[in-house]
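Okay, here's what each chain looks like letter by letter:
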Amino acid sequence: MEPLNPNDNPGYFYSTLHEAVSLIEELALPNLKLQFDVYHVARSEGDVLVKLDEYRTHIGNVQIASVPARAEPDEGEIAYPVIFEALERLQYEGWIGCEYHPRSDTDEGLIWMNRMGMR
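Everything numeric in this text was worked out from a predicted model, so none of it was measured. (Residues numbered from 1 in each chain as written. Predicted model: local features only at pLDDT ≥ 70, side-chain atom pairs only at ≥ 80, totals over all residues. Heavy atoms only, no water.)

Enquirer: For this particular structure, what's the right way to read unusual backbone geometry?
Expert: Both trends apply: most residues other than glycine have a negative phi, and most peptide bonds are in trans. Between Val 67 and Pro 68 the backbone carries a cis peptide bond, its omega angle lying at 10°. As for its placement among the helices and strands, Pro 68 is situated in the loop between β2 (59-64) and α4 (80-89). Positive phi is not limited to glycine here, since Ala 28 has a value of about 50°. Topologically, Ala 28 is positioned in the loop between α1 (17-27) and β1 (34-37). According to the relative accessible area criterion, Ala 28 is exposed, its value standing at 58%. The phi torsion at Gln 91 lies on the positive side, around 60°, for a residue other than glycine. By the element assignment, Gln 91 lies in the loop between α4 and β3 (96-98). (Helix = DSSP H or I, 4+ residues; strand = E, 2+ residues; numbered from the N terminus. Buried < 20%, exposed > 50% of the residue type's maximum accessible area, 1.4 Å probe, protein only.)

In structure tokens form, the structure reads like this:
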């Protein structure tokens, strides 16, 4: 379940991690997890590192994008190397998806990975 920030998605059913996790806990389905979208969390709640730690047991997937531009995650308010270190420290073993609006074409848009030492 992915909470979407109300700035980009006004009127969406739920916009906070707490709301999504409350539903997850109420439904108690073993295959229902939280999609922790760093972009949406930063835009609607802030304290991304605190929220990662607080909701780590519910996270099934992580998504990234720059904040506030929602472009490649190599600009803006979020220091993604710090996010990646936190995920490693929390022993997160799931996927990290990239959901952003590229500034250019795909090949150009993936150069950020090399700059951050990712492959």
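Enquirer: Would you mind showing me how to read empty space enclosed by the protein here?
Expert: Picture a little ball the size of a water molecule; that probe, rolled over the atoms, points out where space is still empty. Under the criterion given, the structure shown has one cavity of 30 Å³ or more. Here the largest cavity defines a volume of roughly 40 Å³. As for the largest cavity, its lining consists of Pro 3, Ser 15, Leu 17, Gln 35, Phe 36, Asp 37, His 40, Val 41, Ser 44 and Glu 45. Breaking the lining of the largest cavity down by element, the ones donating at least two residues are β1 and α2 (38-44). (1 Å grid on protein atoms, 1.4 Å probe; cavity = no way out; pocket = protein on both sides within 12 Å on 5 of 7 lines; lining within 4 Å. Points joined across faces, edges and corners; volume = space filled by probe spheres on them.)

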